[in-house]
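# Chain and residue survey
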Amino acid sequence: AVDVSAVKTPSRNPDSEKALQWWRKARFGLFIHWSLSSIKAGEWKGEVVPGLAEWMMFQKKIPVAEFAPLAQEFNPRKFDAAAWAQLAVDAGMRYVVITAKHHEGFAMYHSKADPYNVVDATPWGRDPLKELAKECRKRRLKLCFYYSQDLDWHHPDGAWNTWDYDEAKKKPERYLREKVFPQLRELLTQYGSIGMIWFDTPLTLSRAQSRRIRKFVKDLQPQCLVSGRIGHGLGDYSLPRDNFLPGARLEGDWETCATMNDTWGYKRTDHAWKPVDNLITTLVDLASKGSNYLLNVGPDADGVVPAPSVKRLHQMGAWMAVNGEAIRGTTPSPFKPEFSWGRMTTKGRSLFLHFFGRPERRFRLHGLKTKVRSAALLAAPEVKFAVTQSVDPATGTPLLDIDFKGFKSTRPVTVVKLQLAAAPEV
Ligand code: H79
């Protein structure tokens, strides 16, 4: 089994430092997995294929000759780029990462480098990335492209298709020359400014090859980020493995990508939707540990985002609309990362207490040395709480007491903003 384990990648490029600024502030982004396999919705020849819907071609070892004709069925009548972009905005997100080419090798944009693409090979004939680029620009959303630089089950020299192509005869350099570099050039020159290329699953490419890919991106768009899964420590930030929630505070720049159910691509039979309260506490948890949250949707063959996903994103957006200040642009607090009552984030002289349940009537925080000027409900600043600071005479530990008497918290996370005299110190 392949462990797409945490890839830790210190940033080392002044351009990436600058580009990371928007990404660090954003904290929350929309991942979109949409490709030919979305048509099959997790089923092949009447049978539900276990696992990730977008891995079906690999799971069933479907020959290119049988899989590629799916393109002739791709006709998403209800596709609406404006609706997708607006969904991200409504959720409180600041960036969108969409599959420009997943492992199945099909380009979801008009590629001159390979006719196996959504404009030339489908009856639909539209370029959804063009349309999405326009709608993202209108809403000041950063548009980013997922690009599978290593696995490609369609190109004869791409990695991991062993059922159509003889491994011994593969020439990875030819795959890079014929497909990866030309397609990256298209993606980075025809869609305006791109926030990031989200490379995935580095399994076979050498360090030298990954370096060339990184340089290729930066030469075309110096401000474009490169995800940690370029491999070999060459990304601008790090990623834990898919759906992995870190238990500790993370050093450096991180992004956690996760699904709302158990698949990335659309799967008709997957109803394992995570409760929205979990999604919101995860967003808070990740922000408190210094990680972005890239949350996935898998639109169906009509181009429609599943209703349970839309519902959850709207609910998250309602929470973000009043509490976004405690997520976007924040950093982890100087305290330990996890408390039984919740989490903390900080921004300048503000310290945000995120309560996962109702705060105790007499809430006590140990260790804050900085003077607290006020404590108020972030969602309604006129709701203020009485604060007392003292020092434990036995241990010398600074104590902060907040009186929550009579206060009824709101589900699922209540944020209290502490205004401090300086940046928080412990
Ligand atoms: O794009 C999404 C996934 O399709 C992709 N990353 C996210 C963002 C991904 N690539 N690899 N993996 C996920 C995990 C690969 C797991 C594998 Fe397997 C284990 C490949 C082979 C063994 C799962 C089980 C797929 C085939 C068998």
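Residues numbered from 1 in each chain as written. Predicted model: local features only at pLDDT ≥ 70, side-chain atom pairs only at ≥ 80, totals over all residues. Heavy atoms only, no water.

### Regarding the overall build of the chain
Here is the rule we go by: The way it works is that DSSP assigns letters per residue, a run of H or I at least four long becomes a helix, a run of E at least two long becomes a strand, and they are numbered from the N terminus. We compute the radius of gyration from the C-alpha atoms alone; for a globule the expected value is 2.2 Å times N to the 0.38, where N is the number of residues. Note on exposure labels: buried denotes an accessible area under 20% of the residue type's maximum, exposed denotes more than 50%, and partly exposed covers the range between, all computed with a 1.4 Å probe on protein chains only. Residue exposure ignores everything except the shown protein chains as possible cover, and the areas themselves are Shrake-Rupley values with a 1.4 Å probe. Only four residue types enter the tally: Lys and Arg on the positive side, Asp and Glu on the negative side, with His and both chain ends excluded. A single reference atom marks each charge: NZ on Lys, CZ on Arg, CG on Asp, CD on Glu.
Of regular secondary structure, the chain possesses 10 helices and 17 strands. For the chain, whose C-alpha radius of gyration is 23 Å, the value lies close to the compact-globule estimate of 22 Å for 426 residues. Overall, the C-alpha framework of the chain stretches about 75 × 40 × 40 Å when taken along its three principal axes. Across the 426 residues that make up the chain, the buried fraction comes to 57%. As presented, the chain carries roughly 17,500 Å² of accessible surface, and 52% of it is formed by carbon and sulfur atoms. With 62 positive and 46 negative side-chain charges, the chain shows a spacing of 7 Å between the two charge centroids.

### Looking at the domain arrangement of the chain
We count it as follows: Boundary definitions for the domains trace back to an automatic or database domain assignment. Residues are treated as being in contact if the distance between any of their heavy atoms lies within 4.5 Å. Here the quantity called buried area is the accessible surface, traced with a 1.4 Å probe, that two parts lose on coming together, added over both.
Structurally, the chain comprises domain 1 (14-326) and domain 2 (333-420). Each of domain 1 and domain 2 has a C-alpha centre, and the two are 38 Å apart. With 17 residues of domain 1 at the interface, the matching set in domain 2 holds 17 residues. Taken together, both faces of the contact between domain 1 and domain 2 bury some 1,500 Å²; the carbon and sulfur share is 58%. When the buried surface of domain 1 facing domain 2 is broken down by residue, Ser288, Glu325 and Ala326 rank first, second and third, together holding 34% of it.

### Remarks on the sheet that holds strand S7 (residues 225-226)
The criterion, for reference: One requirement defines pairing of two strands: DSSP has to find at least two bridges between them.
With respect to topology, seven strands assemble into an open sheet ordered S7-S6-S5-S4-S1-S9-S8, the strand pairing being parallel. Both outer strands of the open sheet, S7 and strand S8 (254-258), are each paired with one neighbouring strand and no more. In terms of strand pairing, strand S1 (residues 28-32) meets strand S9 (residues 291-297) through five bridges, oriented parallel. Pairing of Phe28 across the sheet is with Tyr293, part of S9.

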